[in-house]
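Chain residues, written in single-letter form:
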Amino acid sequence: MSDNASEQDFTLGRPVLVCRWRLASGKLPMENRHLRALAKRVVNGRTVSTQLVAWAKQHIEWTLQDGSALNPDGVLMLVLDDKGQAAMTVGPYAPLESSTASALANRALEASREAEQTGIAPETLWVTRGDTLVCGMDASDGASGAVTLVRDLASTVGITVACEEGIAQALLAGTLEYEEAFLVSDEHGIVCASDATGPRGTKLAEGYARLLAAQKKKR
């Protein structure tokens, strides 16, 4: 896929933001959610420009189908560099090697460090306590596309959602009380912890899977 520079000798500089978005049949199922989240991200101290968001939308609409021919169910990567340039490419999707609660918490912790620079974490840890889903971020933090999807799915089935910063650290420290744990990721969707799976996380993961399946039926 092409970049946003007109020069033929365009070379991407040092990456400062890499968004990884899951595809289905050469389409981006959560396109609008991802683009809204992109518009709230911060790069080089500034919010991503409306021009760059429009560029991304144009390339998704015009070139993604052909650009994803080899990996229609792969991952779309949007890379922004320290010079304000951008490029898109598509690669294969690889499932997580480990999905234990601690492995998911470590991923969420790493993503939270990214959020300190960009304003939005691409992956968050969620847990259940009774009838409530607890999202591992402050309520005032910017939400990724995947987080907005889970919030809407939870609302649809009548599940209460609360936010609590620091649950990944607490889980790793062994001080967190919870029944289920799952990762919410722009790239991997909803991944239930292999050692802390339960009905609520499973129901949400099934909803995400249906979203991908519905996109494939449109092919």
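Scope of this entry: the structure provided in the associated data block. (Residues numbered from 1 in each chain as written. Predicted model: local features only at pLDDT ≥ 70, side-chain atom pairs only at ≥ 80, totals over all residues. Heavy atoms only, no water.)

Some points on the side chain of Arg22
- Looking at the secondary structure, you find Arg22 in strand 1 (residues 15–22).
- Look at Arg22: it is buried, it has no salt bridge, and the nearest opposite charge is Asp73 at 6.8 Å.
- In this structure Arg22 touches Lys27, Leu28, Pro29, Asp73, Gly74, Tyr93, Asp186, Glu187, His188, Tyr208 and Leu212, once residues within four positions along its chain are discounted. (Helix = DSSP H or I, 4+ residues; strand = E, 2+ residues; numbered from the N terminus. Buried < 20%, exposed > 50% of the residue type's maximum accessible area, 1.4 Å probe, protein only. Lys, Arg positive; Asp, Glu negative; His and termini not counted. Salt bridge = Lys/Arg side-chain N within 4 Å of Asp/Glu carboxyl O. Contact = heavy atoms within 4.5 Å.)

So, empty space enclosed by the protein
- Enumeration according to the criterion identifies one cavity of 30 Å³ or more in this entry.
- Together, Arg22, Leu28, Pro29, Met30, His34, Asp186, Tyr208, Leu211 and Leu212 line the largest cavity.
- Sort the elements by how many residues they give to the lining of the largest cavity and helix 6 (residues 199–217) lands first, with three residues.
- Class assignment of the residues belonging to the lining of the largest cavity gives a composition of six nonpolar, one polar and two charged. (1 Å grid on protein atoms, 1.4 Å probe; cavity = no way out; pocket = protein on both sides within 12 Å on 5 of 7 lines; lining within 4 Å. Points joined across faces, edges and corners; volume = space filled by probe spheres on them. Nonpolar A, V, L, I, M, F, W, Y, C, P; charged D, E, K, R; others polar.)

Looking at the packing of helix 1 (residues 31–38) against helix 4 (residues 145–156)
- For the pair helix 1 and helix 4, interaxial distance at closest approach is 8 Å and the crossing angle is 125 degrees. Here helix 4 runs oblique to helix 1, going by the angle between their axes. Where helix 1 crosses over helix 4, the handedness of that crossing is right-handed. Contacts from Arg33, His34 and Ala37 of helix 1 reach helix 4 at Gly145, Thr148, Leu149 and Asp152. (Axes fitted to C-alpha atoms, helices over the stretch in contact; angles between N-to-C directions. Parallel < 35°, antiparallel > 145°, perpendicular 65-115°, else oblique. Left-handed = near helix turned anticlockwise from the far one by under 90°.)

Here we look at the pairing of strand 7 (residues 132–135)
- In terms of strand pairing, strand 6 (residues 123–129) meets strand 7 through four bridges, oriented antiparallel. From the neighbouring strand, Val127 faces strand 7, where its bridge partner is Val134.
- Linking two consecutive strands that pair antiparallel, namely strand 6 and strand 7, is a turn of two residues; a positive phi of about 65 degrees is found at Gly130 within it.
- Examined bridge by bridge, strand 7 and strand 8 (residues 160–163) share four bridges and lie parallel to one another. Within strand 8, the residue paired with Cys135 across the bridge is Cys163.
- For the segment spanning strand 7, helix 4 and strand 8, crossover handedness is right-handed. (Pairing = 2+ DSSP bridges. Right-handed = clockwise from strand over helix to strand, strands pointing away.)

Here's the deal with helix 1
- Here helix 1 lies mainly inside the structure; six of its eight residues are buried.
- Every buried residue of helix 1 is accounted for by Glu31, Arg33, His34, Leu35, Ala37 and Leu38.

Let's talk about the pattern of salt bridges
- Applying the stated criterion across every chain yields a total of nine salt bridges.
- Asp152 is the salt-bridge partner of Arg33, the closest N and O atoms lying 2.9 Å from each other. Note that Arg33 is positioned in helix 1 and Asp152 in helix 4, a separation of 119 residues in sequence.
- Of the residues examined, Asp152 reaches a relative accessible area of 39% and is grouped as partly exposed.
- The closest approach of N and O atoms between Asp186 and Arg41, which form a salt bridge, is 3.8 Å.

What to know about unusual backbone geometry
- Residue Ser25 is not a glycine yet carries a positive backbone phi of 55 degrees.
- Following the sequence through the fold, Ser25 ends up in the loop between strand 1 and helix 1.
- Using a relative accessible area of 6% as the deciding quantity, one classes Ser25 as buried.
- You will see that Asn44, though not glycine, has its phi angle at about 55 degrees, which is positive.
- By the element assignment, Asn44 lies in the loop between strand 2 (42–43) and strand 3 (46–47).
- Taking relative accessible area as the criterion, Asn44 reaches 46% and is therefore assigned partly exposed.

Section: the sheet that holds strand 4 (residues 75–81)
- A sheet is described by the order of its strands in space; here three strands give the open sequence 1-4-5, paired in antiparallel fashion. The strands lining the two open edges of the sheet, one partner per strand, are strand 1 and strand 5 (86–91). Strand-to-strand twist in this sheet, taken as the mean axis angle between neighbours without regard to direction, amounts to 20 degrees.
- Inspection of the sheet shows strand 1 paired to strand 4 by seven bridges, in the antiparallel sense. Its bridge partner lying in strand 4, Trp21 is registered against Leu76.
- Here helix 1 sits on the sheet in contact with strand 1 and strand 4, set at roughly 165 degrees to strand 1.

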